[in-house]
Amino acid sequence: MNSNAVDDVKQKVGVKPNICIQRFSFNEPFQPYLKYHLAELFFKDPIVASKLKTKKLNSWFNEGIIATEVKTEHIPCSVLAMSFFDRLKEPENNITYDSNKIRQTMKYNEDGDLITDNLKAMLLDPESNEYNLYDNDERKEFIFHILQMLVIGGKLCQYEDVLNPYIDVTKILYKDLVRVDRREHTTDLFISTLVLKVVAMKSGKPYFPRNIDEKTNYAFLLVDQASRQVTSFIHQLDGHEEWKKLKNRNENE
């Protein structure tokens, strides 16, 4: 799949306007045990703040915000092959039929989210049989977060009826964001990129990302020790809720 096709699918599922990926370089030695310290320094650095894009009212800006607090969580990133998702294609697992077409349904989960197919049930409905297809450790994997982002999509997305486009775009994003290396003196491969899920805040208010109660509003820092590069990867839904609050406030003034 070429880059134009990827953009088409990202646009269709409603995530293209909601994703921002930026790369930054650093020139000091880095050790993995310093990962939380690095994340804090990243968001408190004035140069980073001047370049880092944040989303507000449906647009991306360089707001120049310097964080006062950073919440950081280490995200496992160990999946080396897209066979990780093969079980989604097995008919007995009830996600797809004919290996690609997604089984449709119509129900609400315990949070009141509308579940329109069994792929979303696997992602969003702990009460469904499909949810147990991946265990808790597998669901924490970075690649699982990417798939979830694409499947749930934006508020105005046109959902795919087949599985392949989601898997294709997940693969391309994943390969672009992480580095695969070979262990010294062996043929064993491993992912050397360190993945951190982050929430940067200013005076107690999150801004990277904002509206963190949304299930797919999340941000990551990906640290590549070999190239001394930090990649920021943020997915945030549009500013519709912020706009409604602003509109209501203006009407009440």
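Residues numbered from 1 in each chain as written. Predicted model: local features only at pLDDT ≥ 70, side-chain atom pairs only at ≥ 80, totals over all residues. Heavy atoms only, no water.

Undergrad: How do you make sense of the overall build of the chain when you look at a structure like this?
TA: Helix and strand counts for the chain come out as eight helices and 14 strands. Burial statistics for the chain: of 253 residues in total, 44% are counted as buried. Counting contacts in the chain only where the partners sit at least 6 residues apart, residues at least 24 apart contribute 64% of the total. As displayed, the chain offers around 13600 Å² of accessible surface, 47% of which is attributable to carbon and sulfur atoms. (Helix = DSSP H or I, 4+ residues; strand = E, 2+ residues; numbered from the N terminus. Buried < 20%, exposed > 50% of the residue type's maximum accessible area, 1.4 Å probe, protein only. Contact = heavy atoms within 4.5 Å. Areas by Shrake-Rupley, 256 points an atom, 1.4 Å probe, with all protein chains shown as cover.)

Undergrad: Which parts of the structure should I look at to understand the side chain of Gln 236?
TA: The residue Gln 236 is located in the loop between strand E14 (229-235) and helix H8 (240-252) in this model. Among the polar contacts listed, one links the side chain of Gln 236 to the backbone nitrogen of Arg 210, at a separation of 2.7 Å. (Polar contact = N/O pair within 3.5 Å; in protein donor to acceptor, adjacent residues only side chain to side chain.)

Undergrad: Explain helix H6 (residues 142-152) to me, please; I cannot follow it from the model alone.
TA: In an α-helix, one turn spans 3.6 residues, which is why side chains three or four residues apart end up on the same side. Burial runs high along H6: 11 of the 11 residues are buried. Every buried residue of H6 is listed here: Phe 142, Ile 143, Phe 144, His 145, Ile 146, Leu 147, Gln 148, Met 149, Leu 150, Val 151 and Ile 152. Positive phi appears at Gly 153, one or two residues downstream of H6, with a value of about 65°.

Undergrad: Hey, could you run me through the environment of Ser 99 in this one?
TA: Position of Ser 99 among the secondary structure elements: in the loop between strand E5 (96-97) and strand E6 (101-102). Residues Ser 99 and Leu 88 lie 11 residues apart in sequence; the distance between their C-alpha atoms is 8.2 Å.

Undergrad: Where do I start with the nonpolar core in this structure?
TA: The nonpolar side chains of soluble globular proteins are, as a tendency, buried together. Ranked by size, the top nonpolar core spans 40 residues in total, and within it Leu 88, Leu 119, Met 122, Phe 142, Ile 146, Tyr 174 and Phe 233 carry the most contacts. Mapped onto this core, the elements with two or more residues apiece are helix H4 (118-124), H6, helix H7 (164-177) and strand E13 (218-224). Looking at which element gives the most residues to this core, the answer is H6, with nine residues. When neighbours within four sequence positions are excluded, Phe 142 is seen to be in contact with Ile 75, Pro 76, Cys 77, Tyr 174, Leu 177, Val 178, Val 195, Phe 220, Leu 222 and Phe 233. (Core = buried A, V, L, I, M, F, W, Y, C linked by side-chain atoms within 4.5 Å.)

Undergrad: Any chance you could explain the layout of surface pockets here in plain terms?
TA: Empty space among the atoms becomes visible once a probe the size of a water molecule is rolled across them. Space inside the largest pocket adds up to approximately 500 Å³. Taken together, 16 residues make up the lining of the largest pocket; nearest its centre are Phe 26, Leu 38, Leu 41, Phe 42 and Asp 45. In terms of residue count, helix H2 (residues 35-44) provides more of the lining of the largest pocket than any other element does, four residues in total. Taken together, the residues of the lining of the largest pocket break down into 11 nonpolar, three polar and two charged. (1 Å grid on protein atoms, 1.4 Å probe; cavity = no way out; pocket = protein on both sides within 12 Å on 5 of 7 lines; lining within 4 Å. Points joined across faces, edges and corners; volume = space filled by probe spheres on them. Nonpolar A, V, L, I, M, F, W, Y, C, P; charged D, E, K, R; others polar.)

Undergrad: Help me understand unusual backbone geometry in this model?
TA: Excluding glycine, a negative phi dihedral is what most residues carry, and trans is how most peptide bonds are arranged. With an omega of 0°, the peptide bond running from Phe 208 to Pro 209 counts as cis. A positive phi angle, close to 55°, is found at Ser 203, a residue other than glycine. Structurally, Ser 203 can be placed in the loop between strand E11 (194-202) and strand E12 (205-208). Here Ser 203 falls in the exposed class, since its relative accessible area comes to 60%.

Undergrad: Would you mind going over the packing of H6 against H7 with me for this structure?
TA: Each pair of packed helices can be described by the angle between their axes along with the distance between the axes. The contact between H6 and H7 brings their axes to 9 Å, and the two run at 135°. Comparing the axis directions of H6 and H7 gives the class oblique. Considering how the two elements wind past one another, H6 and H7 form a crossing that is right-handed. Across from Phe 142, Ile 143, Ile 146, Leu 147, Met 149, Leu 150 and Val 151 in H6, the residues of H7 making contact are Tyr 166, Ile 167, Val 169, Thr 170, Leu 173, Tyr 174 and Leu 177. Tallied by class, residues from the contact of H6 with H7 come to 13 nonpolar, one polar and no charged. (Axes fitted to C-alpha atoms, helices over the stretch in contact; angles between N-to-C directions. Parallel < 35°, antiparallel > 145°, perpendicular 65-115°, else oblique. Left-handed = near helix turned anticlockwise from the far one by under 90°.)

Undergrad: What's the story with a nonpolar patch on the surface in this structure? I'm lost.
TA: A contiguous nonpolar patch, built from Leu 80, Val 180 and Leu 189 and spanning about 260 Å² of accessible area, is present on the exposed surface. By the secondary structure assignment, Leu 189 is in strand E10 (residues 189-191). For Leu 189, a relative accessible area of 42% gives the class partly exposed. (Patch = residues over 30% accessible without salt bridge, like charges linked within 9 Å, V, L, I, M, F, W, Y side chains within 5 Å. Salt bridge = Lys/Arg side-chain N within 4 Å of Asp/Glu carboxyl O.)

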